[in-house]
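# Structural description and commentary
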Amino acid sequence: MTVEGTAQRKTTRGGSKRTTAKKASPARNKATRPAEQDELVQLLTPEGKRVEHPDYAIDLSPEELRGLYRDMVLTRKFDAEATTLQRQGELGLWASLLGQEAAQIGSGRALRDDDYVFPTYREHGVAWCRGVDPTNLLGMFRGVNHGGWDPNSNNFHLYTIVIGSQTLHATGYAMGVQKDGADSAVIAYFGDGASSQGDVAESFTFSAVYNAPVVFFCQNNQWAISEPTDRQTRVPLYQRARGFGFPGVRVDGNDVLACLAVTRAALERARTGEGPMLVEAFTYRMGAHTTSDDPTKYRADEETRAWEAKDPILRLRRYLEAEGLVDDAYLAAVEEESEALGKRVRDAVRAMPDPDTMAIFENVYADGHALVDEERAQFAAYQASFADADAAAEEN
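From a predicted model like this one, the values you see are computed outputs, not experimental measurements.

Conventions used here
- Within any chain, residue numbers begin from 1 and follow the written order of that chain's sequence.
- In keeping with the model being predicted, local features are shown solely for residues with a pLDDT of at least 70 and side-chain atom pairs are shown and tallied solely at 80 or more, while totals for entire chains, interfaces and linings include all residues.
- Excluded from the side-chain calculation are hydrogens and water; included are all heavy atoms of the structure.
- Two aromatic rings from Phe, Tyr or Trp, using only the six-membered ring of Trp, form a pair when their centres are within 6.5 Å; if the ring planes differ by under 30 degrees the pair is stacked, by over 60 it is edge-to-face, and anything between is tilted.
- Labels follow the DSSP assignment, with helices taken as runs of H or I lasting at least four residues and strands as runs of E lasting at least two, numbered in each case from the N terminus.
- Three exposure classes are used, based on accessible area relative to the maximum for each residue type with a 1.4 Å probe and protein chains only: buried under 20%, partly exposed in between, and exposed over 50%.
- UniProt positions are given in the numbering used here, feature names are shortened, and annotations may be inferred rather than shown by experiment.
- Salt bridges, as used here, are contacts in which a Lys or Arg side-chain nitrogen is within 4 Å of a carboxyl oxygen on Asp or Glu.
- Here the rule is simple: two strands pair whenever DSSP picks up at least two bridges between them.
- Should any heavy atoms of two residues lie within 4.5 Å, those residues are counted as being in contact.
- Axis geometry follows a simple rule: fit a line to the C-alpha atoms, using only the stretch in contact for helices, then measure angles between N-to-C directions, giving values from 0 to 180 degrees.
- A right-handed crossover is one whose linking path, passing over the helix from the first strand to the second, runs clockwise when the strands point away from the viewer.
- The source of the domain bounds is an automatic or database domain assignment.
- A pair of sulfur atoms, both from cysteines and within 2.5 Å, is called a disulfide here.
- For this classification, under 35 degrees means roughly parallel, over 145 means roughly antiparallel, 65 to 115 means roughly perpendicular, and everything else is oblique.
- By definition, turning the near helix anticlockwise from the far helix through less than a right angle yields a left-handed crossing, and turning it clockwise yields a right-handed one.
- Classes in brief: Ala, Val, Leu, Ile, Met, Phe, Trp, Tyr, Cys and Pro nonpolar; Asp, Glu, Lys and Arg charged; the others, Gly included, polar.

### Thoughts on the packing of aromatic side chains
Enumeration according to the criterion identifies 21 aromatic pairs in this entry. Consider the rings of Phe-204 and Phe-244, whose centres lie 5.2 Å apart with planes at 80 degrees: the pair is edge-to-face. With Phe-204 in helix 9 (residues 198-209) and Phe-244 in helix 10 (residues 240-244), the pair connects residues that are 40 residues apart, well separated along the chain. On the basis of an interplanar angle of 50 degrees and a centroid distance of 6.0 Å, the ring pair of Phe-282 and Trp-307 is categorised as tilted. In this pair, Phe-282 sits in strand 8 (residues 277-282) while Trp-307 sits in helix 12 (residues 301-308), placing the two residues 25 residues apart along the sequence. By the burial criterion, Phe-282 is buried, and Trp-307 matches it. A connected cluster of aromatic rings, assembled from ring pairs, spans Phe-78, Trp-94, Phe-141, Trp-149, Phe-156 and Tyr-159.

### Thoughts on the UniProt feature "domain: Dehydrogenase E1 component" (unreviewed entry) in the protein chain
Here the UniProt-annotated "domain: Dehydrogenase E1 component" (unreviewed entry) positions come out as residues 70-351. Note that residues 70-351 is 46% helix and 11% strand, and that its end C-alpha atoms are spaced 27 Å apart.

### Remarks on the pattern of salt bridges
Considering all chains together, one arrives at 25 salt bridges under this definition. Across the pair Glu-81 and Arg-346 runs a salt bridge, and its minimum N-O distance is 2.9 Å. Taken together, the positions of Glu-81 in helix 3 (residues 62-87) and Arg-346 in helix 14 (residues 328-350) put the pair 265 residues apart, joining distant regions of the chain. Classification of Glu-81 as buried rests on a relative accessible area of 10%. For Asp-183, the salt bridge is made with Arg-112, and the minimal N-O distance between the two is 3.1 Å. Here Asp-183 is found in the loop between helix 8 (165-180) and strand 3 (186-191), whereas its partner Arg-112 is found in the loop between helix 4 (101-108) and strand 2 (116-118), with 71 residues between them in sequence.

### Description of the sheet that holds strand 1 (residues 40-41)
Strand order in the open sheet made by the 6 strands is 1-7-8-4-3-2, with parallel pairing throughout. Whereas interior strands pair on both sides, the edge strands pair on one side only; in this sheet they are strand 1 and strand 2. Together, strand 3, strand 4 (214-220) and strand 8 form the strand contacts of helix 4, whose direction differs from that of strand 4 by roughly 165 degrees.

### Description of the pairing of strand 8
Judged by how many residues are buried, strand 8 sits mostly within the fold: 6 of 6 residues are covered. Because side chains alternate across strand 8, one face comprises the buried residues Met-277, Val-279 and Ala-281, and the other comprises Leu-278, Glu-280 and Phe-282, equally buried. Pairing geometry for strand 4 and strand 8, over 6 bridges, is parallel. When the sheet's bridge partners are listed, Asn-220 is paired in strand 8 with Phe-282. As judged from the 5 bridges shared by strand 7 (residues 248-252) and strand 8, these two strands associate in the parallel manner. Each bridged residue has a counterpart across the sheet, and for Arg-250 the counterpart in strand 8 is Glu-280. One crossover worth recording links strand 7 to the parallel strand 8 by way of helix 11 (residues 256-271), and it is right-handed.

### Section: the domain arrangement of the protein chain
Structurally, the protein chain comprises domain 1 (10-350) and domain 2 (357-395). Domain 1 and domain 2 are separated by 42 Å when their C-alpha centres are compared.

### What to know about the state of the cysteines
Under the definition given, this model contains 0 disulfides. Among the cysteines around Cys-218, which has no disulfide bond, Cys-259 carries the closest sulfur, lying 12 Å off.

### As for the packing of helix 3 against helix 13 (residues 312-322)
The interhelical angle for the contact between helix 3 and helix 13, taken along N-to-C directions, is 150 degrees, at an axis separation of 10 Å. Here helix 3 lies roughly antiparallel to helix 13, going by the angle between them. Relative to helix 13, helix 3 is oriented so that their crossing is left-handed. Residue-level contacts link Leu-65, Leu-68, Tyr-69, Met-72, Val-73 and Arg-76 of helix 3 to Pro-312, Ile-313, Leu-316, Arg-317, Tyr-319 and Leu-320 of helix 13. Tallied by class, the residues present in the contact of helix 3 with helix 13 amount to 10 nonpolar, no polar and 2 charged.

Structure follows, in structure tokens:
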């Protein structure tokens, strides 16, 4: 219930005749919209037309362009399979990236091998770019492990469920990189909702004061579950960086070329000692926040349809086709590869072994603990009671 809704309800119930001035909704000032759009870095229009930007130039080979298309198609297929598996009861929960493929693939492909990534729980495309096996992402959501991969093998940290805390981890890691004298950079992913967390503000403060080599990559998908962005900020998110003393930029989050160019520039800036930078990828979450959410209850169909016209994959495909960089055979091959990936994901999830039910009590204390021993024994007895009940049922 919003503050406005509560006030209206009180007035109705109390029958008061007293009038008050209508509270303005400062964040919904339509007069600011055109200016905001002018600030958007874009290299590929929704119609697939190539445009230039004075500050962010990029020159990719046909092979690289086709690679970006393949990355987005395969990532979307994996995401769709995971969503379906959750609906079938194979996963406990899933956070879809549908609509955010360009932001993730573009920024992910801007990274060097020695850069380090701190994700949230939706960066499946970035994980793909870092070489993390897609099936390893699903173990946590199936409940068979607490992560699923060695973060140091791909310089890709484990998924972070706590909102915003990974920005602090990234800042601390970046400060360490700086003290080590390395020229690598760190990137932290978070959403528009996490931008309201105190952790993010603290990260901005520390990174600015210590000039840490970190890029804050905010995927503004317009909705923090059911709360729109304009309920969280009165200015575009990227402008917040200015108050902390470092630059921010807003990029078209559905334009994979722009996301690649802007992130590449931000990372290089961090590596050369120029400090942090905030990148706001202006995109849209086409699906639900997670599979436990129903977006039809809080957003209009017209809004979703408007963003469907800006689809990141269709945008790049139009450009590739117009330039003669792909043919039917290539597109069919990518589709065939995506179907094979889908099957591999389905088979891998269903083949995941159940975890050891007693493993939760291991590695809690280095030297053991009497209370943990007691809890282990109680849980073992509880588990055994099911076997005893099954045996009794068979005898009867």
